[in-house]
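# Structural features, examined
Residue strings, one per chain:
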Amino acid sequence: DSHIQYERVGADVTMKCGSMDWDAAVTWTANGTDIDESHLNGSYLILKNVDLSQSGQYSCYEGSSWHLKYQTYLRVGTPPKEPVLMCRSNNYPKGFYCSWHLPTPTYIPNSFNISVIHGTKEMVCEKDAIPKNRCHIRYLQLFSTVKYKVTLTVTNALGKNFTTLTFDEFAIVKPDPPESVVAKPVPNNPRRLEVSWQNPSSWPDPESFPLKFFLRYRPLILDQWQHVELSDGTLHTITDAYAGKEYIIQVAAKDNDIGTWSDWSVAVHATPWTEEPKHLTTEAQITETTSASTSSFMAPPTTKICDKGAMVGSGAVAVCWTAGLVVAAYSVLFI
Amino acid sequence: SPTGDSWGIFTFLCAALCNLPALPALNCSEELGAGQSIQQTYDLTRYLEHQLRTLAGTYLNYLGPPFNEPDFNPPRLARAERVPSATVDLDLWRGLTDNARLAANYRAYSRLLCYLRVLDGQVGTAELRHRLTHFCASLQGLVLSIGGVMSSLGYPLPAGPAGPPAPPGTPAAPNDFLKKMDDFWLLKELQTWLWRSAKDFNRLKKKVPPAVITLRLEAKGF
């Protein structure tokens, strides 16, 4: 009949051929391949310092008749190391979840048992189907002064280990990152970017438990981030962007009063609005265009004092001002 | 007879100290002027929470181990029940009327203030006394602030912490360790209440317009 045998990496393993005597003549195979007699001690198979590659099916056959006398499946593995446990409330005030994993694989099956104790009460942490190694708990009471104590025990055929987390209700609150982050240029504003986002969908009650946000942005060409903390609203306009540079922007969320910041959202890229490039013209043409637009005010001839040449000198500024007022007055008359 | 035992003295002290906040409140409500909105009350709770962190750290160190150990998680003894608890069933909390919500806060802080004042009188070091006195003054401000919101909304103020703050028959701590446990739980409840109040006032902010009748606060030491 068939067995499963679990052994530690590095152990010495002795396999007996079922009920056969020590001096019986037998042949051992590993995954169908004959094993050399040097590994035998009588009818016992000796495997020294086993490693993972030696896992497999071992069979023992009686010498002459080739009757199968014994078969076992050897699984080489390790006892569990201390598991890594994390508990978090991303849906406050509904409850929290805990998830865990082993820091190194054991190569053999493990079973996990989680216990949650709140004061004197033992609570049931309901296991999630997906992902595995996760369970969730609903809060029955809010604003508790008593800590929660979560103990995770991992057991396999070679040993067991455990870890414990003790925390206050408030300490584990950490929302999921904001969703649907969008960054858009603002037309006719070369230094602005408009960023909008939404509350994470896992946060059940933003009305009573509002979130605050942290925005960070930088041009791709620089390493230094700029930060803005926003106490409400899901919209912000960056007003100091470098013109024409592509930006990378991220947002994080936190309950207004308790817990820690979420991870950063997915990064979005945006470049501020830039003016459409003009046709290349000579200096003379530009001057003419400027004078032409000034004269469209239907101003009296005196405004010619305020041509391009006169404006440069500061002495002419006062003259310009009065002329400007006259222009304005005339323009109003003509509207 | 109450005079003989220490419990009686405690009750008397508390009753005497606790009747103090009532007087300035009366004076204040007559002077309608600058505003005490829910927002300001909310801000006060955040400020107090911040202050408490420093105060609690200092105080727990003064108490010494195991009280100042971060993992210290003692079971709640029955005697600790006299300190008002912020813990509440989730659906119940959601369903509280504005009046009930405010009243719960008002009652809790009035009593907590009371206990803290007794503590202030007993504490050893000058630094701690100074911190506690300052904190008590701020906490009194919070009580007045909540009272102000209630008055302006037309809700009656809950009866002050008249009578013994604890059910009669609860003895004063018979030994040093249990006394320290009492202090530990007092600070913990205070901390939890301040967290809860932030959420309570968030909810109130949404339901009640921000600009309600305002009071000028001139409470002593605030």
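Residues numbered from 1 in each chain as written. Chains lettered and ligands numbered in written order. Predicted model: local features only at pLDDT ≥ 70, side-chain atom pairs only at ≥ 80, totals over all residues. Heavy atoms only, no water.

For chain B, an unreviewed UniProt entry supplies the name Cardiotrophin-like cytokine factor 1 and the organism Calyptomena viridis. UniProt's Sequence similarities (unreviewed entry) comment on chain B is quoted here verbatim: "Belongs to the IL-6 superfamily." Its UniProt record, at the heading Function (unreviewed entry), says of chain B: "In complex with CRLF1, forms a heterodimeric neurotropic cytokine that plays a crucial role during neuronal development. Also stimulates B-cells. Binds to and activates the ILST/gp130 receptor." (UniProt positions renumbered as here; feature names shortened; annotations may be inferred.)

By the naming in an unreviewed UniProt entry, chain A goes by Ciliary neurotrophic factor receptor subunit alpha and is assigned to Calyptomena viridis. Within the UniProt record for chain A, the comment given under Subcellular location (unreviewed entry) is "Cell membrane". Within the UniProt record for chain A, the comment given under Sequence similarities (unreviewed entry) is "Belongs to the type I cytokine receptor family. Type 3 subfamily."

## Some thoughts on the overall build of chain B
For chain B, the count of helices and strands is seven helices and one strand. Going from N to C terminus, chain B has its helices and strands arranged as α-α-α-β-α-α-α-α. Per-residue burial for chain B yields a buried fraction of 50% across its 222 residues. Taking as baseline every contact in chain B between residues at least 6 positions apart, the subset at least 24 positions apart corresponds to 89%. Only carbon and sulfur atoms are counted for the fraction: they give 61% of the accessible area of chain B, which is about 10300 Å². (Helix = DSSP H or I, 4+ residues; strand = E, 2+ residues; numbered from the N terminus. Buried < 20%, exposed > 50% of the residue type's maximum accessible area, 1.4 Å probe, protein only. Contact = heavy atoms within 4.5 Å. Areas by Shrake-Rupley, 256 points an atom, 1.4 Å probe, with all protein chains shown as cover.)

## Thoughts on helix H3 (residues 38-63) of chain B
Compared with an ideal rise of 1.5 Å per residue, which puts 26 residues at 38 Å, H3 of chain B spans 36 Å between its outermost C-alpha atoms and is within 8% of the ideal. Immediately downstream of H3 of chain B, the backbone of Gly64 of chain B shows phi near 85 degrees, a positive value. (Expected span 1.5 Å × (residues − 1).)

## Thoughts on empty space enclosed by the protein
Residues and elements named next belong to chain A. Applying the stated rule across the entire model yields one cavity of 30 Å³ or more. By volume, the largest cavity amounts to about 40 Å³. Lining the largest cavity, in full, are His118, Lys121, Met123, Leu140, Gln141 and Tyr148. Each residue belonging to the lining of the largest cavity can be placed in one class, and the counts come to three nonpolar, two polar and one charged. (1 Å grid on protein atoms, 1.4 Å probe; cavity = no way out; pocket = protein on both sides within 12 Å on 5 of 7 lines; lining within 4 Å. Points joined across faces, edges and corners; volume = space filled by probe spheres on them. Nonpolar A, V, L, I, M, F, W, Y, C, P; charged D, E, K, R; others polar.)

## With respect to helix H5 (residues 98-122) of chain B
An ideal rise of 1.5 Å per residue puts 36 Å on 25 residues; H5 of chain B measures up with 37 Å between its terminal C-alpha atoms. Among the 25 residues in H5 of chain B, 18 count as buried, and that is most of the element.

## Notes on the domain arrangement of chain A
All names here are of chain A. For chain A, the assigned domains are domain 1 (3-77), domain 2 (84-167) and domain 3 (179-270). The straight-line distance from the C-alpha centre of domain 1 to that of domain 2 is 40 Å. Taken residue by residue, the interface counts seven residues in domain 1 and six residues in domain 2. Summing both partners gives a buried area of about 600 Å² for domain 1 against domain 2, and 71% of it is carried by carbon and sulfur. Where domain 1 meets domain 2, there are zero salt bridges. Counting the contacts that link domain 1 with domain 2 gives two residue pairs in polar contact (both at pLDDT 80 or more). (Domains from an automatic or database assignment. Buried area = accessible area lost by both parts, 1.4 Å probe. Salt bridge = Lys/Arg side-chain N within 4 Å of Asp/Glu carboxyl O. Polar contact = N/O pair within 3.5 Å; in protein donor to acceptor, adjacent residues only side chain to side chain.)

## Comments concerning the interface of chain B and chain A
A common way to report how large an interface is uses the accessible area buried once the components associate. The interface of chain B with chain A comprises 24 residues on the first partner and 22 residues on the second. Interface of chain B and chain A: buried area, both sides summed, is about 2200 Å²; carbon and sulfur atoms make up 53% of it. The largest per-residue losses of area from chain B upon contact with chain A belong to Leu90, Trp195 and Lys199 of chain B, which jointly make up 28% of the total buried on that side. If you look at where chain B meets chain A, you find five salt bridges. Here Asp257 of chain A and Arg46 of chain B are joined by a salt bridge, their closest N and O atoms 3.0 Å apart. Among the elements of the structure, H3, strand S1 (88-89), helix H4 (90-95) and helix H7 (176-207) of chain B are those that each provide at least two residues to the side of chain B that touches chain A. Per-element accounting of the side of chain B that touches chain A gives the leading share, eleven residues, to H7 of chain B. Of the residues belonging to the side of chain B that touches chain A, the class tally is ten nonpolar, four polar and ten charged.

## Thoughts on a nonpolar patch on the surface
Among the surface-exposed residues, Val9, Leu52 and Tyr107 of chain A lie close enough to one another that they form a single nonpolar patch of about 270 Å² accessible area. Tracing the backbone through its elements, the reader meets Leu52 of chain A in the loop between strand S6 (44-47) and strand S7 (56-62). (Patch = residues over 30% accessible without salt bridge, like charges linked within 9 Å, V, L, I, M, F, W, Y side chains within 5 Å.)

## Regarding the nonpolar core
Core analysis: the largest hydrophobic core is formed by 98 residues, its most contacted members being Tyr92, Phe96, Leu215 and Ile249 of chain A together with Tyr109 of chain B. No other element matches the twelve residues that H7 of chain B contributes to this core. Among the nonpolar cores identified, the runner-up in size contains 16 residues, and Cys17, Ile35, Tyr58 and Val76 of chain A belong to it. (Core = buried A, V, L, I, M, F, W, Y, C linked by side-chain atoms within 4.5 Å.)

## Section: the pairing of strand S8 (residues 68-77) of chain A
As paired strands, S7 of chain A and S8 of chain A are joined by six bridges and run antiparallel to one another. By the bridge assignment for S8 of chain A, Gln57 of chain A is matched with Tyr73 of chain A. (Pairing = 2+ DSSP bridges.)

## Describing the pattern of salt bridges
With the rule as written, the count across this model stands at 17 salt bridges over all chains. For Asp255 of chain A, the salt bridge identified is with Lys199 of chain B, shortest N-O distance 2.5 Å. Of this pair, Asp255 of chain A sits in strand S23 (residues 247-255) while Lys199 of chain B sits in helix H7, each in a different chain. As far as burial versus exposure is concerned, Asp255 of chain A and Lys199 of chain B are alike and both buried.

## A closer look at the packing of H3 of chain B against helix H6 (residues 126-152) of chain B
The description of two packed helices rests on the angle between their axes and on the distance between the axes. All names here are of chain B. At a minimum axis distance of 10 Å, the contact between H3 and H6 shows a crossing angle of 155 degrees. Comparing the axis directions of H3 and H6 gives the class roughly antiparallel. Crossing geometry of H3 relative to H6 is assigned as left-handed. Of the residues in the contact of H3 with H6, the class split is 15 nonpolar, nine polar and two charged. (Axes fitted to C-alpha atoms, helices over the stretch in contact; angles between N-to-C directions. Parallel < 35°, antiparallel > 145°, perpendicular 65-115°, else oblique. Left-handed = near helix turned anticlockwise from the far one by under 90°.)

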